Amino acid sequence: MVSRPHGGRLVVRVASENRRERVLASAAEYIQLKIGLREAYDVENIGYGVYSPLDGFMVSEDLEHVLLDMRLSSDIPWTIPIIVSVTQEEKTFDVGDEVLLVYDGHPLAVMQVEDIYSYDKKLYVEKVFKTSDPSHPGVYNVLREMGEYLVGGRIELVDTVPNPYSKYYLRPIETRVLFRERGWRTVVGFQTRNAPHMGHEYVQKTALSFVDGIFINPVIGRKKKGDFKDEVILEAYTELMRNYYPRDTAVLSIVRYEMRYAGPREAIHHAIMRKNFGCTHFIVGRDHAGVGGFYGPYEAQEIFKEFPDLGVTPVFFREFFYCRKCGGIVHEKICPHGEEHRIRFSGTYVRNAIKKREDIPPYIIRPEVARVLLSHPDPFV
Amino acid sequence: MTTGKYTTVSIPKSLYNRIKKLVEETGFKSVSDYVTYVLREVVAMHESEKYEEPFGEKDLEEIKKRLKALGYI
Ligand SMILES: [Zn+2]
């Protein structure tokens, strides 16, 4: 058996075909609430159970517990607020109303409004991001972009944001069947937003030595300028796995989600999402989900100590590097040589080499992966 | 700062003293912190024993069909 969903039950909040047709046909009669891409992806993740046990956006009691205790009001570990905000002008409905959540003209879900409440933005950012510095993108979003009220309530999914990568998307209920079909009892989750270099491959394969399978789960969402495009990352992973991973030990599938860059708290959230997909283990890297210099390099690993009941085992890695003396890819604990013999994996180096169309040594990037990256005239966002 | 919502549970005084001694040598702030930590660990373990996958035979066939079509199985 793969892992038990977070909170004990896999949530599925998807409208029946009949209900969906009725809602879409009468969309104009609903009170409509426009949401952004982050909330649109959150709606999808709630509907398909990626955020189990959440069945909607958080009410004030849950938000309070999440901010102060890093748990839901049911005591289940939860670190990232899943919320939808409105401005005074958008607050045209009351508790008890049904509103339609609409993204970019697409009606996505019906929400039963259970709570409309104000919140303390300063407390929010200090708890979630451990800073109130608006140069942190998550802090900026809360302080400058979010409305002054939050709306909580259960949702029912009627549609999702168009997905150009739907053939790479599996819902938790599907990954759970897949892992079972493969006979995996232990599965390690790997989160990524990058094209794979050898450092990633070694982390994954080292973890894989101890479990039955690996679930490589790239996050598709808004990217920073200079990041690899989603299709490039997916193509690169497909090539890597085809050439270097036994077919029955690895699964590649995406999740659509907007990063919060909340460092340690977000690492816990990432682990919970993968637990719901069926993972028993989750790889937590250096400065996981961090941004700038806001978090210590291993803070995202240390926070796991506070959750004896998380139900997914974190797997911690230090940095891998290539050592000329060792003649291979190693890490601190197994290589006695000095820094002058070591070549560190650097995303910036890879990006620059690709931009200049330079050859990248095979101990940094597999030639098959390099070929994919070079085959795109403009592989960057 | 926490929500500060607590209740009281009774444990034998002797056990309390025993934990107090242990807590002094660990990173826990208090006996209550230690007890909360241990209880969460044990409760989660017991909860995880009762779980059934959320799909019936019919769903299973549908899901397998999609997984096959996408080349996953
Ligand atoms: Zn060495």
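A short tour of the structure in this document, coming up. In this text, all values refer to a predicted model and were calculated from it rather than measured experimentally.

On the side of chain A, 35 residues touch chain B, which itself brings 24 residues to the contact. Together, the buried faces of chain B and chain A total about 2,700 Å²; carbon and sulfur atoms form 60% of this surface. Of all residues in chain B, the largest losses of buried area upon contact with chain A belong to R40(B), Y51(B) and Y72(B), amounting jointly to 26% of the total for that side. Seen at the junction of chain B and chain A, the total is 4 salt bridges. Linking E174(A) and R66(B) is a salt bridge whose minimum nitrogen-to-oxygen distance equals 2.9 Å. At the level of secondary structure, the elements contributing two or more residues to the side of chain B that touches chain A comprise α2 (31-47) and α3 (57-69) of chain B. Each residue belonging to the side of chain B that touches chain A can be placed in one class, and the counts come to 12 nonpolar, 4 polar and 8 charged.

What follows covers the sheet that holds strand β14 (residues 320-323) of chain A. The strands making up a sheet are joined through hydrogen bonds of the backbone, oriented either antiparallel or parallel. All names here are of chain A. Spatial ordering of the open sheet is given by β15-β14-β16, a layout of 3 strands whose pairing is antiparallel. The outermost strands of the open sheet, each flanked by one partner alone, are β15 (328-331) and β16 (342-344). The mean angle between the axes of side-by-side strands here comes to 45 degrees, regardless of whether they run parallel or antiparallel. Two strands pair when backbone bridges link them, and β14 and β16 are joined in this way by 3 bridges, in the antiparallel orientation. Its bridge partner lying in β16, C323 is registered against R342.

As a further point, take the layout of surface pockets. Residue and element names in this part refer to chain A. Estimates place the volume of the second largest pocket at around 1,200 Å³. Looking at the second largest pocket, it is lined by 33 residues, and the ones nearest its centre are N194, H197, H200, R286 and D287. Broken down by secondary-structure element, the contributors of at least two residues to the lining of the second largest pocket are β8 (187-192), α7 (198-208) and α11 (347-355). A class-by-class count of the residues in the lining of the second largest pocket yields 11 nonpolar, 14 polar and 8 charged.

What counts as what
- Residues numbered from 1 in each chain as written.
- Chains lettered and ligands numbered in written order.
- Predicted model: local features only at pLDDT ≥ 70, side-chain atom pairs only at ≥ 80, totals over all residues.
- Heavy atoms only, no water.
- Contact = heavy atoms within 4.5 Å.
- Buried area = accessible area lost by both parts, 1.4 Å probe.
- Salt bridge = Lys/Arg side-chain N within 4 Å of Asp/Glu carboxyl O.
- Helix = DSSP H or I, 4+ residues; strand = E, 2+ residues; numbered from the N terminus.
- Nonpolar A, V, L, I, M, F, W, Y, C, P; charged D, E, K, R; others polar.
- Pairing = 2+ DSSP bridges.
- Axes fitted to C-alpha atoms, helices over the stretch in contact; angles between N-to-C directions.
- 1 Å grid on protein atoms, 1.4 Å probe; cavity = no way out; pocket = protein on both sides within 12 Å on 5 of 7 lines; lining within 4 Å.
- Points joined across faces, edges and corners; volume = space filled by probe spheres on them.

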